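Observations on the model geometry
Chain by chain, the residues run as shown.
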Amino acid sequence: RIGTAALAVQVVGSNWPKPHYTLLVTGLCRFQILQLLKEKPYPVAEVEQLDRLEQFTNQHKSEEELGELSEQFYKYAVQLVEMLDMSVPAVAKLRRLLDNLPREALPDILTSIIRTSNQEKLQILDAVRLEERFKMTIPLLVRQIEGLKLLQKTRKPKQDDDKRVVAIRPNRRISHIPSTTEDEEEEDDHDDVVMLEKKIRTSSMSEQALKVCLKEIKRLKKMPQSMPEYALTRNYLELMVELPWNKSTKDRLEIRAARILLDNDHYAMEKLKKRVLEYLAVRQLKNNLKGPILCFVGPPGVGKTSVGRSIAKTLGREFHRIALGGVCDQSDIRGHRRTYVGSMPGRIINGLKTVGVNNPVFLLDEVDKLGKSLQGDPAAALLEVLDPEQNHSFTDHYLNVAFDLSQVLFIATANTTATIPPALLDRMEIIQVPGYTQEEKIEIAHRHLIPKQLEQHGLTPQQIQIPQVTTLDIITRYTREAGVRSLDRKLGAICRAVAVKVAEGQHKETKPDRAEVGEGEDCKEHVTEDAKTESISDTADLALPPEMPILIDFHALKDILGPPMYEMEVSERLSQPGVAIGLAWTPLGGEIMFVEASRMDGEGQLTLTGQLGDVMKESAHLAISWLRSNAKRYQLTNASGSFDLLDNTDIHLHFPAGAVTKDGPSAGVTIVTCLASLFSGRLVCSDVAMTGEITLRGLVLPVGGIKDKVLAAHRAGLKRIIIPRRNEKDLEEIAVNVRQDLTFVMASCLDEVLNAAFDGGFAVKPRVERLNSKL
Ligand code: ADP
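Thresholds applied
- Residues numbered from 1 in each chain as written.
- Predicted model: local features only at pLDDT ≥ 70, side-chain atom pairs only at ≥ 80, totals over all residues.
- Heavy atoms only, no water.
- Helix = DSSP H or I, 4+ residues; strand = E, 2+ residues; numbered from the N terminus.
- Buried < 20%, exposed > 50% of the residue type's maximum accessible area, 1.4 Å probe, protein only.
- Contact = heavy atoms within 4.5 Å.
- Areas by Shrake-Rupley, 256 points an atom, 1.4 Å probe, with all protein chains shown as cover.
- Salt bridge = Lys/Arg side-chain N within 4 Å of Asp/Glu carboxyl O.
- Phe/Tyr/Trp six-rings, centres within 6.5 Å; stacked < 30°, edge-to-face > 60°.
- Lys NZ or Arg CZ within 6 Å of the ring centre and 35° of its normal.
- UniProt positions renumbered as here; feature names shortened; annotations may be inferred.
- Axes fitted to C-alpha atoms, helices over the stretch in contact; angles between N-to-C directions.
- Left-handed = near helix turned anticlockwise from the far one by under 90°.
- Nonpolar A, V, L, I, M, F, W, Y, C, P; charged D, E, K, R; others polar.
- Core = buried A, V, L, I, M, F, W, Y, C linked by side-chain atoms within 4.5 Å.
- Pairing = 2+ DSSP bridges.
- Near = heavy atom within 4 Å.
- Polar contact = N/O pair within 3.5 Å; in protein donor to acceptor, adjacent residues only side chain to side chain.
- pLDDT = per-residue confidence, 0-100.

The next point concerns the overall build of the protein. Within the protein, the regular secondary structure consists of 31 helices and 21 strands. For the protein, the residues scored as buried account for 45% of the 775 residues in total. Within the protein, residue pairs in contact and separated by at least 24 positions form 71% of the contacts whose partners lie at least 6 positions apart. Surface accessibility of the protein: about 40,800 Å² in total, with carbon and sulfur atoms responsible for 52%.

As structure tokens, then:
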């Protein structure tokens, strides 16, 4: 209840970035609170002044009484000041003050100067009686004197130190405190360096590394701490000590267990699993890792990363993922040289430090998205990392000593091989991971995704039930992808919505009136859902698991996910001549593509739109040339009935489906079909999709990505697919149930394509007639 009144002399500080103020005050006197008048916004109280300055002048009596005490105090104070260097002006001033100031003021002043804790200072301020104050301050003075004596004994007094011992200015911290702490810090640091040296000597680093480290630590010992290089060197040494030079986990590889684990974690992907098991079997037999680096190539969300993780799990190794997407600086892989400010090791060394063992599984994610820039080519740096012949002595620029990476198991993933630099591709064994069929997706959803989502949302199968038809609805109407990632997200959204219902149900205390709910809602789905939530709330009240799970039917689905995003509109779109459905391959999986053509009066120009690459443009020209040369045979005419299709006619070809750049030769047959439809005025069958490269002679050549394309066509609900005959072998990869739903037409020439694409075939005029016309 005792405080000190003071006058604020100066306020310095700012509110940004954090409020930080320094207050300079002149102390006036002690006071005592009699009564607190109000507390907010700031305390206001009635106080009584306890000591006043003018008292000192006429309090001779008390001075006499305290004579002995104050004399003793004065002596100590003088002793203390004399231990300091008098040549410092501040010390000389203090000496003068000791004589000039009234004795009563001395305890307060000296307490603020010597080394005391805040607690001690407060105690002195709280001591109202002068006698008490003297008594309390004397031990503090003695302590300070003893401290100074010790200090002078241990080292030669330097001017600097004395300066640090006393500060007169009241608004500065007493600077001898930091001086001692600095000493302590220095000692601490010294201890640290010794510790570091010990760690280096006991660590199992390579001989070369040890040599470098010992040299560095020698330098570090001589370096003043304030040098920026000190911190750099120390960080370097700490990293060297932390790196797992010789630390590894023990492989526990058993092929049978690995097979079970892979099968448990992943549905389908038989080819991939088979290859992974082969790879692991060879590792088991040969016991070394020199072999090709596996690279999983496939659309996003097909489980490439998660297979990598499973491999680590089967081997009992640590797993670390290095995302390479967008990396365009080789120092990201290989580190910066230590001469750079802010230099750091590359991702490989960093990853090793994180996992703490030298034989982890590193997943190099998205190697196809490595960039290139002025800072060098990261792909070239990766070459050294991935080459089994070189990577036992991988040298990170930051470390500047070789680190053995030969125990690390590298697995890479990519969406496409097209953008992987050839040299890098050469180091890897590509395993294609194609997209999933609808049936596979349903199985994956029910075996893996739904249980995982339920667990993440704290739901149980007793609370929510997603039947297979609903999953199929989500797959066909709410997602259009090769993998299962967005399916997973949609399932997550459903679980969230159900979690709200369940949580609400559990807290509902009164039972809502069923009739009222029924009337209030006009949509049927609301009724069913709410009615079910009620049943949950009923049972939840009884603290029993709800009997009726919330059933996610199509109505509930629409309620939660909104109206379907994709509708099957295939048959609608082919209601006029000049449209055909092609199949395209993108890194995201297969896609169906509508090719549109129209003609108008003009000068025989061909316009192409829809972000096309050069190869695609060539295909369009090829198609037109072939049709022009075969116009008579097929009775194709332009608007004015001439067999010269481009006579007074312009053609516009458009490839819609997003602003995605499309390239590749596989649209050839589609363009031919589309133009044949335009010039013959006949409709292409609505349920036919096609793919294939064409030549000027009218041959159909094989193309890539057949599985993805067929799956896309199947997803889109198409029934017949025209593919090049030489691609027939690729159909074996496709699941039987998909194959059963579709009819495949193998075409080796364009005649066959056109015959299959039009209902009732595409009649070829008998050759005789053509000969006649020639005559
Ligand atoms: P990617 O690396 O190919 O882009 P991820 O490995 O991240 O895809 O897979 C996305 C999600 O899909 C993961 O949660 C994974 O468990 C799941 N998933 C993908 N394929 C399968 C599968 N065949 N069986 C079980 N889960 C799968």
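Attention now moves to the pattern of salt bridges. Counting across every chain of the model gives 30 salt bridges. For Arg-219, the salt bridge identified is with Glu-216, shortest N-O distance 3.5 Å. Of the two residues, Arg-219 and Glu-216 are both situated in helix H9 (residues 207-222); the distance of three residues between them amounts to about one turn of the helix. Counted as one network, the salt bridges with shared partners bring together Glu-216, Arg-219, Glu-229 and Arg-338.

One pair of aromatic rings is described through two measures. These are the centre distance and the angle between the planes. Under the counting rule described, the total for this entry stands at five aromatic pairs. With 5.8 Å between their ring centres and 65 degrees between their planes, Tyr-236 and Tyr-398 make a pair best called edge-to-face. One end of the pair, Tyr-236, is in helix H10 (residues 228-242); the other, Tyr-398, is in the loop between strand S7 (394-395) and strand S8 (402-403), and 162 residues separate them in sequence. For the pair Tyr-236 and Tyr-398, a shared accessibility class is recorded, and that class is buried. When the ring of Trp-626 is compared with that of Tyr-634, the centres are 5.7 Å apart and the planes differ by 50 degrees; the resulting orientation is tilted. As far as the burial class goes, Trp-626 and Tyr-634 line up, both buried. The ring of Tyr-42 is capped by Lys-38, whose NZ or CZ atom sits 5.7 Å from the centre of that ring. When the ring centre of Tyr-236 is taken as origin, the NZ or CZ atom of Arg-338, which lies over that ring, is 3.7 Å away.

Now for the UniProt feature "binding site: ATP" (unreviewed entry) in the protein. Annotation from UniProt places "binding site: ATP" (unreviewed entry) at Gly-298, Pro-299, Pro-300, Gly-301, Val-302, Gly-303, Lys-304 and Thr-305. Leaving out residues up to four positions away in the same chain, Gly-303 has contacts with His-266 and Met-269. Following the sequence through the fold, Lys-304 ends up in helix H13 (residues 304-315). In this structure Lys-304 touches Phe-296, Val-297, Gly-298, Pro-299, Thr-413, Ala-414, Asn-415 and Val-433, once residues within four positions along its chain are discounted.

For any two helices packed against each other, the geometry is given by the interaxial angle and the distance between the axes. Two elements in contact, helix H12 (residues 270-286) and H13, have axes separated by 12 Å at closest approach and are oriented at 35 degrees. The two elements H12 and H13 meet at a crossing, and its hand is right-handed. Judged by residue contacts, Leu-272, Val-276 and Leu-280 of H12 engage Val-307, Ile-311, Thr-314 and Leu-315 from H13. Residues that form the contact of H12 with H13 fall into these classes: six nonpolar, one polar and no charged.

Time to look at the nonpolar core. Nonpolar side chains in soluble globular proteins generally cluster together in the buried interior. Leu-280, Phe-296, Ile-311, Ile-494 and Ile-552 are the most contacted members of the largest nonpolar core, which totals 51 residues. In terms of residue count, helix H20 (residues 485-507) provides more of this core than any other element does, seven residues in total. Leaving out residues up to four positions away in the same chain, Ile-552 has contacts with Ile-464, Gln-465, Ile-466, Pro-467, Thr-470, Ile-494, Val-498, Leu-557 and Ile-560. Core analysis: the next-biggest nonpolar cluster, separate from the first, contains 50 residues, Ile-322, Ala-379, Val-401 and Phe-403 among them.

Turning our eyes to something else, we now look at the sheet that holds strand S1 (residues 2-14). Reading across the sheet, the three strands line up as S1-S2-S3 and stay open at both edges, with antiparallel pairing between neighbours. On the outer flanks of this sheet lie S1 and strand S3 (44-49), each paired with one strand and no other. Taking the axes of each pair of neighbouring strands and ignoring which way they run, one obtains an average angle of 60 degrees across the sheet. Here S1 pairs with strand S2 (residues 20-38) via twelve bridges, running antiparallel. What sits directly across from Leu-7, in S2, is Thr-26.

Let us now look at the site of the ligand. Around the ligand, the structure places 17 residues, and the nearest of them are Tyr-267, Gly-301, Thr-305, Ser-306 and Arg-485. Backbone polar atom of Tyr-267 to a nitrogen atom of the ligand: 2.7 Å apart, as the coordinates give it. Ser-306 is positioned with one of its backbone polar atoms (N or O) 2.9 Å from an oxygen atom of the ligand. Look at the ligand: alone it shows 560 Å² of surface, and the protein chains cover 87% of it. When its residues are assigned to classes, the shell around the ligand shows seven nonpolar, six polar and four charged.

A separate point is the sheet that holds strand S4 (residues 293-297). Reading across the sheet, the five strands line up as S5-S6-S9-S4-S10 and stay open at both edges, with parallel pairing between neighbours. Edge positions in the open sheet fall to strand S5 (319-323) and strand S10 (428-432), since each of these has one partner strand only. Recorded for the sheet is a direction-independent mean angle of 25 degrees between the axes of neighbouring strands. Inspection of the sheet shows S4 paired to S10 by five bridges, in the parallel sense.

Within a regular strand, the side chains alternate between the two sheet faces. Relative to S3, S2 is paired through six bridges, and the arrangement is antiparallel. Within the sheet, the bridge partner assigned to Lys-38 lies in S3 and is Val-44. Hairpin connection between S2 and S3: a loop of five residues separates the two successive antiparallel strands.

With that out of the way, let us pick up the confidence of the model for the protein. Close reading of the predicted structure is inappropriate where its pLDDT is low. Looking at the protein, the pLDDT average stands at 80 and 83% of residues meet or exceed 70. Averaged over each element, pLDDT in the protein is lowest for helix H21 (residues 514-520) (39) and highest for strand S20 (residues 720-724) (93). Long-range and interchain partners of residues 509-546, a stretch whose pLDDT sits below 50, account for 44 contacts in this model, where long-range means more than four residues apart.

In this structure, Pro-41 follows Lys-40 across a cis peptide bond, with omega equal to -5 degrees. Despite not being glycine, Met-269 shows a phi value in the positive range, around 40 degrees. Looking at the element boundaries, Met-269 is found in the loop between helix H11 (255-265) and H12. According to the relative accessible area criterion, Met-269 is buried, its value standing at 9%. Despite not being glycine, Gln-635 shows a phi value in the positive range, around 60 degrees. Along the chain, Gln-635 turns up in the loop between helix H26 (631-634) and strand S16 (649-654).

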